[in-house]
Structures are given as structure tokens and as C-alpha cells.
Amino acid sequence: MFAKSFRFDSSRLRSAFAPRKPRHPLLRLAFGIVGLGLLCLLIFFSVFVGAAMIVAGVAWKLLSQRGKPVAVRDANVVDGEFRVVRKPVLPLSH
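Residues numbered from 1 in each chain as written. Predicted model: local features only at pLDDT ≥ 70, side-chain atom pairs only at ≥ 80, totals over all residues. Heavy atoms only, no water.

Peer 1: What is the right way to look at the overall build of the protein in this model?
Peer 2: A tally of helices and strands in the protein yields 2 helices and 0 strands. Of the roughly 10,500 Å² of accessible surface on the protein, a fraction of 68% belongs to carbon and sulfur atoms. (Helix = DSSP H or I, 4+ residues; strand = E, 2+ residues; numbered from the N terminus. Areas by Shrake-Rupley, 256 points an atom, 1.4 Å probe, with all protein chains shown as cover.)

Peer 1: Just to check I follow, could you spell out the packing of aromatic side chains for this structure?
Peer 2: Geometrically, a pair of aromatic rings is defined through the distance of the ring centres and the angle of the planes. Within this structure, the stated rule accounts for 2 aromatic pairs. Summarising the aromatic geometry, the rings of F44 and F45 are spaced 5.7 Å apart at their centres and angled 75° between planes, so their arrangement reads as edge-to-face. Classification of F45 as partly exposed rests on a relative accessible area of 48%. Seen in terms of ring centroids, F44 and F48 are 4.8 Å apart; in terms of plane orientation they differ by 70°. Their pairing is edge-to-face. Here F44 pairs with F48, and both are found in helix α2 (residues 25–64), just 4 residues apart, close to one helical turn. (Phe/Tyr/Trp six-rings, centres within 6.5 Å; stacked < 30°, edge-to-face > 60°. Buried < 20%, exposed > 50% of the residue type's maximum accessible area, 1.4 Å probe, protein only.)

Peer 1: Mind showing me how you'd approach a nonpolar patch on the surface here?
Peer 2: Judged by side-chain polarity, L38, L41, L42, F44, F45 and F48 come together as a nonpolar surface patch covering roughly 640 Å² of accessible area. Tracing the sequence through the fold places F45 in helix α2. (Patch = residues over 30% accessible without salt bridge, like charges linked within 9 Å, V, L, I, M, F, W, Y side chains within 5 Å. Salt bridge = Lys/Arg side-chain N within 4 Å of Asp/Glu carboxyl O.)

Rendered as C-alpha cells:
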């Protein structure tokens, strides 16, 4: 037996799983179109899933507030935090 037959060669292992482009131009074009179609399909579905999640969140928020009483505010009341600002002391000008 030779020592080379038991040696682990990582370059052969990497090349065994490496994706290779087909050599025929029409087959390359077909794989490219299939890839673009798959990408468009995934984007299409992700947009609708995202929109459905937003709509479901808004509906959940509206339905959760459905039975609660709404607080009525007086139009003449201004709510806020106030702070008294003192008159600044000006230094004497020369």
C-alpha cells in the first residue's frame, strides 16, 4: 500500500461540492433565468407576507381598543410641564 492513498486531500473534497457553471451557453442562460425567476418569486411572497403582518398588527391594535371607553378632554385645558424662567441679570456694560 502506498502512503498517498491514505492522505486526506482537502482540495479534492472542496472541488467535489463546488457549484460549476454548465459549459453550454443555452443551459447557462436557462439556469440564469430560473435563478432570476426564483428570486422574483421569493421577493413577491416576502412583500405580501410583510404587508399581511402589518395589516394584522393594525387590526389587532384596533380590535384590542374596541371596548375601552375613550377619555374626553376639555378643549380649554392645556396639559404640559412649565418652568419659571427668571429675568436674566445683565452685566454692567462699560
